[in-house]
Amino acid sequence: MILATSGQHSCNTRTEFLLFTDKIPELHRYYTYAEETGTKVAVYRFLNLMGHSRPKYNSTVSTFCWAVANEEEFTVNDRSTELELLYIDDLV
């Protein structure tokens, strides 16, 4: 069974990944099902996926672009941060 998901959190160790999955009920149920049934599973996590999203809801990029286009204020917490982004149409 294969599951694809996106997120903004990067996990460097299995422990960090397991802690992260506990915060997402769907992933937790997915792994529970795999353990209970012996099903082999794979999770593909696409970090910093962007495109086709709503501003002020689930996308830093959409929110930033919307704020600039509408002359709204926005906050950049750390100007030294560089985001590596993957556009959804390039993934597909």
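Residues numbered from 1 in each chain as written. Predicted model: local features only at pLDDT ≥ 70, side-chain atom pairs only at ≥ 80, totals over all residues. Heavy atoms only, no water.

Considered as a void within the structure, the largest pocket measures approximately 460 Å³ in volume. Thr60, Phe64, Thr75, Val76 and Leu83 are the residues nearest the centre of the largest pocket, which is lined by 14 residues in total. Considering only residue class, the lining of the largest pocket consists of seven nonpolar, five polar and two charged. (1 Å grid on protein atoms, 1.4 Å probe; cavity = no way out; pocket = protein on both sides within 12 Å on 5 of 7 lines; lining within 4 Å. Points joined across faces, edges and corners; volume = space filled by probe spheres on them. Nonpolar A, V, L, I, M, F, W, Y, C, P; charged D, E, K, R; others polar.)

Looking now at the side chain of serine 62. Assignment of secondary structure puts serine 62 in helix α3 (residues 60-69). Since its relative accessible area comes to 18%, serine 62 is described here as buried. Look past the residues within four positions of serine 62 in its chain and what remains in contact with it is Ser53, Arg54 and Pro55. (Helix = DSSP H or I, 4+ residues; strand = E, 2+ residues; numbered from the N terminus. Buried < 20%, exposed > 50% of the residue type's maximum accessible area, 1.4 Å probe, protein only. Contact = heavy atoms within 4.5 Å.)

All right, on to a nonpolar patch on the surface then. A grouping of Phe64, Val68, Phe74 and Val76 is seen on the molecular surface, where their side chains present a nonpolar patch of about 350 Å² in accessible area. Looking at the element boundaries, phenylalanine 74 is found in the loop between α3 and β4 (86-87). (Patch = residues over 30% accessible without salt bridge, like charges linked within 9 Å, V, L, I, M, F, W, Y side chains within 5 Å. Areas by Shrake-Rupley, 256 points an atom, 1.4 Å probe, with all protein chains shown as cover. Salt bridge = Lys/Arg side-chain N within 4 Å of Asp/Glu carboxyl O.)

A few words on the environment of leucine 47. Take leucine 47: it is sitting in strand β2 (residues 42-47). Residues leucine 47 and serine 6 lie 41 residues apart in sequence; the distance between their C-alpha atoms is 5.5 Å.

The subject of this paragraph is the packing of aromatic side chains. Within the structure shown, the criterion is met by two aromatic pairs. On the basis of an interplanar angle of 80° and a centroid distance of 5.8 Å, the ring pair of tyrosine 30 and tyrosine 31 is categorised as edge-to-face. Overall, the relative accessible area of 10% leaves tyrosine 30 in the buried class. Judged by centre distance (4.9 Å) and plane angle (80°), the rings of phenylalanine 64 and phenylalanine 74 are edge-to-face. One end of the pair, phenylalanine 64, is in helix α3; the other, phenylalanine 74, is in the loop between α3 and β4, and ten residues separate them in sequence. Look at phenylalanine 64 and you get partly exposed, because its relative accessible area is 41%. Accessibility expressed as a relative area gives 42% for phenylalanine 74, which makes it partly exposed. (Phe/Tyr/Trp six-rings, centres within 6.5 Å; stacked < 30°, edge-to-face > 60°.)

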